[in-house]
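# Working through the structure, step by step
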Amino acid sequence: MKWTKFYLPDAYSPTMEQLVYFHDHTMSIITSITILICILLNSLLWNKLIDLNMNEHQMIETWWTILPTIVLFLIAIPSLKILYSMEELINPTISIKSMGHQWYWSYEYSDKFCKELESYMKYNKKNDFRLLEVDNKMKAPFLTQMRMIFSSSDVLHSWTIPCLGIKMDAVPGRINQSSLMIKKPGIFMGQCSEICGANHSFMPIMLESIKLNKFIKWIS
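Residues numbered from 1 in each chain as written. Predicted model: local features only at pLDDT ≥ 70, side-chain atom pairs only at ≥ 80, totals over all residues. Heavy atoms only, no water.

Taking an unreviewed UniProt entry as the reference, the chain is identified by name as Cytochrome c oxidase subunit 2 belonging to Laodelphax striatellus. Database annotation for the chain, UniProt heading Sequence similarities (unreviewed entry): "Belongs to the cytochrome c oxidase subunit 2 family." (UniProt positions renumbered as here; feature names shortened; annotations may be inferred.)

See the structure below:
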């Protein structure tokens, strides 16, 4: 992902893939409507003919009421399917709890082996990503269904990784959850997306996706 890129980041999870498809689907509908309206406006500007019978044409009025309703259904149905899939948890293998603090994240693995780590932003070095590098990366296996649990110890935070299509608020005194499955190995980065204070942009998230056997060795 670069600053000059105008498109969505590459998808590395099924949720993000569906979001990209839905974006393309919606933009194709919007583009078609825009082109049609431009053609009609151009026709009205340059056409000097007047048809008095068109002023009270009930059939045309009926169709321009029905067609927008059909278009809205074409947009709403895929949107509701994606919203449902983002909230649905299907037999998660691993549960990872993420806690937001001022101004860092902490992670807890407590399924079989209790392991906790705190993730602070590192100072800039020559080969580090500016404002995105952390001292302890969150590790997770790819091609594994996971459950992410979010909460906060002080103020509102938001755990976000754009290329994985996940964004969930961390609320004090409340637990939110979301499903996550990564399709490829790699390092994925994000930041706190909630205006939780003066230093909310200095709460980077760095997730390292590894093989399941390496993850088991690491956590044990």
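So much for the structure itself; the text now carries on.
### Considerations on the pairing of strand β10 (residues 204-210)
Of all seven residues that make up β10, six are buried, and the element is covered over most of its length. Bridge analysis of strand β4 (residues 138-141) against β10 gives four bridges, and the strand direction is parallel. Along β10, the bridge assignment pairs A140 with S209. Judged from the six bridges that link them, strand β9 (residues 186-191) and β10 form a sheet pairing that is antiparallel. Residue pairing for β10: G186 is matched across the bridge by S209. (Buried < 20%, exposed > 50% of the residue type's maximum accessible area, 1.4 Å probe, protein only. Helix = DSSP H or I, 4+ residues; strand = E, 2+ residues; numbered from the N terminus. Pairing = 2+ DSSP bridges.)

### Points about the side chain of S209
Within the secondary structure layout, S209 lies in strand β10. Leave out the neighbours within four places in its chain, and S209 touches A140, P141, F142, I182, K184, P185, G186 and F188. (Contact = heavy atoms within 4.5 Å.)

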